[in-house]
Amino acid sequence: EAPPLAPQTGSRLLLARRADERLVEMVRQGDAAAFEVLYDRYHLRILSFCRHMLGSQPDGEDATQHAFVGLHRHITADERPVDVKPWLFQVARNRCLSIIRARREHASIDDVVQPATEGLADSVQRRSDLRELLGDLQQLPEDQRAALLLSSLGDLSSDEIAGVVGCRPQKVKALVFQA
């Protein structure tokens, strides 16, 4: 008689009901579907954050991919606990800041970053007030922009935002207000 097969992890629908901590455990046990669930759970939020931080869909996709590759490496490197959502946003923010710094080093006076409008409905793209708002967002200091985006797009608590931005939790509200 053949040895019993390893237990099946179940459908993606069942995996999607699992807490992040359990999915991390499953990834560490070699379950690729568990990582796919983590990706599905957070990639749109991370991409939206990165796209708005950088003003570019391709750069936003690069930063998002970087964050998820880093997450997989971090999870599988050892058994340290990881709080997935804030960890992803922190790595994504750091990557965005690196891209912004690299742009500044290579930018000429004539280079102007256009706000990210890819993926928006054509009628919305034509609205000058939206373009103006997105342009204003790009002009904010990075810490204010990150705090504003994380509070509105990221669904993070003030403590989590403080950890991502690197400030005291009391300062998060001030950064958002200033933005």
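Residues numbered from 1 in each chain as written. Predicted model: local features only at pLDDT ≥ 70, side-chain atom pairs only at ≥ 80, totals over all residues. Heavy atoms only, no water.

Description of the overall build of the chain
A count of helices and strands for the chain gives 10 helices and zero strands. The helix and strand sequence of the chain, counted from the amino end, reads α-α-α-α-α-α-α-α-α-α. Here the chain holds 179 residues, and the buried ones make up 41% of them. Counted over contacts in the chain with a minimum sequence separation of 6, partners at least 24 positions apart contribute 59%. For the chain, the accessible area works out to roughly 10,700 Å², and carbon and sulfur atoms hold 52% of it. (Helix = DSSP H or I, 4+ residues; strand = E, 2+ residues; numbered from the N terminus. Buried < 20%, exposed > 50% of the residue type's maximum accessible area, 1.4 Å probe, protein only. Contact = heavy atoms within 4.5 Å. Areas by Shrake-Rupley, 256 points an atom, 1.4 Å probe, with all protein chains shown as cover.)

Structural notes on helix α2 (residues 20-28)
Since the α-helix packs 3.6 residues into each turn, any two residues three or four apart lie on the same face. Inspection of α2 places D20, L23, V24, M26 and V27 among the buried residues, and these make up the whole buried set. Buried residues along α2 cover an arc of 160 degrees about the axis, so they all sit on one side. Residues of α2 that are buried sit in contact with α1 (12-16), α3 (32-54), α4 (57-77) and α5 (84-106). One or two residues past the end of α2 sits G30, with phi positive at roughly 95 degrees. (Arc of directions from axis to C-beta.)

Quick word on the side chain of T64
You can see T64 is positioned in helix α4. The class of T64 is buried, set by a relative accessible area of 5%. Setting aside residues up to four positions removed in sequence, T64 forms contacts with H43, I46, L47 and C50.

Structural notes on the pattern of salt bridges
Counting across every chain of the model gives eight salt bridges. A salt bridge links R95 to D62; its shortest N-O distance comes to 3.0 Å. Here R95 is found in helix α5, whereas its partner D62 is found in helix α4, with 33 residues between them in sequence. Residue classification places D62 among the partly exposed residues on the basis of a relative accessible area of 31%. One salt bridge in this structure joins E142 and R104, with 2.4 Å as the shortest N-O distance. Here E142 is found in helix α8 (residues 142-154), whereas its partner R104 is found in helix α5, with 38 residues between them in sequence. The network of salt bridges with shared partners includes R12, E36 and D40. (Salt bridge = Lys/Arg side-chain N within 4 Å of Asp/Glu carboxyl O.)

Quick look at the nonpolar core
Formed by 45 residues in total, the largest nonpolar core has its most connected members in L38, F49 and L71. Broken down by secondary-structure element, the contributors of at least two residues to this core are α2, α3, α4, α5, α8, α9 (158-165) and α10 (169-178). Setting aside residues up to four positions removed in sequence, F49 forms contacts with F89, A92, R93, A146, L149, L150 and L153. (Core = buried A, V, L, I, M, F, W, Y, C linked by side-chain atoms within 4.5 Å.)

Regarding the packing of aromatic side chains
Within the structure shown, the criterion is met by two aromatic pairs. Ring geometry for Y39 and F68: centres 4.8 Å apart, planes at 65 degrees, overall edge-to-face. Of this pair, Y39 sits in helix α3 while F68 is found in helix α4, placing the two residues 29 residues apart along the sequence. For Y39, a relative accessible area of 34% gives the class partly exposed. A ring pair is formed by F49 and F89, whose centres lie 5.6 Å apart and whose planes are at 80 degrees; its orientation type is edge-to-face. One end of the pair, F49, is in helix α3; the other, F89, is in helix α5, and 40 residues separate them in sequence. Here F49 and F89 have matching classes, each one buried. (Phe/Tyr/Trp six-rings, centres within 6.5 Å; stacked < 30°, edge-to-face > 60°.)

Note that every value here comes from positions in space, so none of it alone points to a role or purpose.
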